[in-house]
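Okay, here's what each chain looks like letter by letter:
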Amino acid sequence: MSCIALKQIAKQIVGSDISIAMLAQAERDERIDYLRCPAEALPLAGQSFDLLTVSSGLHWFERTAFLAEACRVLAPRGWLVIYDNFFSANHHGNPGFKPWFVSTYFQRFPTPPRNSQPLDKRSARQAGFQVLAQDTYTNVVFFNHGQLVDYLLTQTNVIAAIERGESTLDDARAYLTAEVSPYFPSPEPQAFDFGGPITYLRKDR
């Protein structure tokens with residue numbers, strides 16, 4: 001969740017997720033309240049927020065319902081910022097990792113169905129928003145071997161395979177530990193690129 005970063009610009013923050021497990025991992029702060037709810041049905045008063053952000057979530061939402069709900073809770077001229085922060089598999093100094101990730105990893109753990117289409121300007125206008133800017137960004141995250149395995153185990157690809165009964169958590173961990181090991185010749189953390197697109201929308205009125 002990206003609530004902590006909002007402390008730089010917001011006095012009061014509300015974070016939401018439909019997953020109890022995700023909320024349990026969220027960093028606690030006296031300025032942040034957490035709610036368990038779907039993005040399409042926020043238990044918040046109308047026109048009560050100036051900014052609403054979505055991090056790596058739009059592809060899971062029922063898009064029309066979410067945009068209507070975002071329009072409802074935002075104040076007039078309020079902002080909706082939608083962005084992804086995905087694992088690009090670009091391993092600094094080891095170009096062989098990405099081909100393994102794109103082929104072997106995704107073959108073992110296929111991506112579950114999702115709506116990966118970007119939000120277009122026409123859909124935004126129909127929901128009461130203007131797209132004012134779009135951009136892309138990159139940030140670097142450092143993982144050691146164990147941390148990367150732990151991260152990959154949180155990806156929906158792996159979770160979906162476990163839920164379908166195609167793997168157990170222990171089997172997935174053992175597989176990833178063995179597969180990732182060659183890319184970590186030392187115990188030192190290594191750099192990986194994250195990032196993605198970011199879209200800035202403003203409520204029409």
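Because the structure is a prediction, the values reported are computed rather than measured. (Residues numbered from 1 in each chain as written. Predicted model: local features only at pLDDT ≥ 70, side-chain atom pairs only at ≥ 80, totals over all residues. Heavy atoms only, no water.)

From N to C terminus, the protein chain includes seven helices and seven strands. Seen in sequence order, the protein chain has helices and strands lined up from the N terminus as β-α-β-β-α-β-β-α-α-β-α-α-α-β. Summarising its shape, the C-alpha atoms of the protein chain cover approximately 55 × 35 × 35 Å along the three principal directions. Taking all 205 residues of the protein chain together, 37% fall into the buried category. Relative to all contacts within the protein chain whose residues are 6 or more apart in sequence, the contacts with residues 24 or more apart total 75%. Taking the 19 positively charged and 21 negatively charged side chains of the protein chain as two groups, their mean positions are separated by 9 Å. (Helix = DSSP H or I, 4+ residues; strand = E, 2+ residues; numbered from the N terminus. Buried < 20%, exposed > 50% of the residue type's maximum accessible area, 1.4 Å probe, protein only. Contact = heavy atoms within 4.5 Å. Lys, Arg positive; Asp, Glu negative; His and termini not counted. Charge placed at Lys NZ, Arg CZ, Asp CG, Glu CD.)

A word on helix 5 (residues 145-153). Buried within helix 5 are the following residues: Leu-148, Val-149, Tyr-151, Leu-152 and Leu-153. Structurally, helix 5 contributes buried residues whose contacts are with strand 5 (86-91), helix 3 (97-108), strand 6 (129-143), helix 6 (156-163), helix 7 (169-180) and strand 7 (190-203). One side-chain oxygen of the residue at the start of helix 5 lies 3.2 Å from the amide nitrogen of Gly-146, identifying that residue as Asn-144. (Polar contact = N/O pair within 3.5 Å; in protein donor to acceptor, adjacent residues only side chain to side chain.)

What follows covers the environment of Ala-191. Topologically, Ala-191 is positioned in strand 7. Sequence separation between Ala-191 and Leu-152 is 39 residues; the distance between their C-alpha atoms is 15 Å. With sequence-adjacent residues up to four places away left out, Ala-191 is seen in contact with Asn-90, His-91, His-92, Val-140, Val-141 and Phe-142.

In this section: the nonpolar core. Grouped together as the largest cluster of nonpolar side chains are 23 residues, with contacts concentrated most on Phe-87, Phe-97, Leu-148, Leu-152 and Leu-176. When residues in this core are grouped by element, the largest group, five residues, is from helix 5. Counting residues in hydrophobic clusters, the runner-up holds 19 residues, among them Val-54, Phe-66, Leu-119 and Leu-201. (Core = buried A, V, L, I, M, F, W, Y, C linked by side-chain atoms within 4.5 Å.)

With that out of the way, let us pick up the packing of helix 5 against helix 7. In the contact formed by helix 5 and helix 7, the axes pass within 10 Å of each other and the chain directions differ by 135 degrees. When the interaxial angle is binned, helix 5 and helix 7 end up oblique. The two elements helix 5 and helix 7 meet at a crossing, and its hand is right-handed. Across the interface between the two elements, His-145, Leu-148, Val-149, Asp-150, Leu-152 and Leu-153 of helix 5 pack against Leu-169, Ala-172, Arg-173, Leu-176, Thr-177 and Val-180 of helix 7. Looking at the contact of helix 5 with helix 7 residue by residue, the class counts come to eight nonpolar, two polar and two charged. (Axes fitted to C-alpha atoms, helices over the stretch in contact; angles between N-to-C directions. Parallel < 35°, antiparallel > 145°, perpendicular 65-115°, else oblique. Left-handed = near helix turned anticlockwise from the far one by under 90°. Nonpolar A, V, L, I, M, F, W, Y, C, P; charged D, E, K, R; others polar.)

Turning our eyes to something else, we now look at the confidence of the model for the protein chain. Put simply, the protein chain has an average pLDDT of 94, and 100% of its residues get 70 or more. Ranking the helices and strands of the protein chain by mean pLDDT puts helix 7 first, with 98, and helix 1 (residues 20-25) last, with 88. (pLDDT = per-residue confidence, 0-100.)

Between its first and last C-alpha, helix 3 extends 15 Å over twelve residues, near the 16 Å set by a 1.5 Å rise per residue. Those residues of helix 3 that fall on the buried side of the exposure criterion are Phe-97, Trp-100, Phe-101 and Tyr-105. End-on view of helix 3: buried residues confined to an arc of 95 degrees, all on one side of the axis. Against strand 5, helix 5, helix 6, helix 7 and strand 7 lie the buried residues of helix 3. (Expected span 1.5 Å × (residues − 1). Arc of directions from axis to C-beta.)

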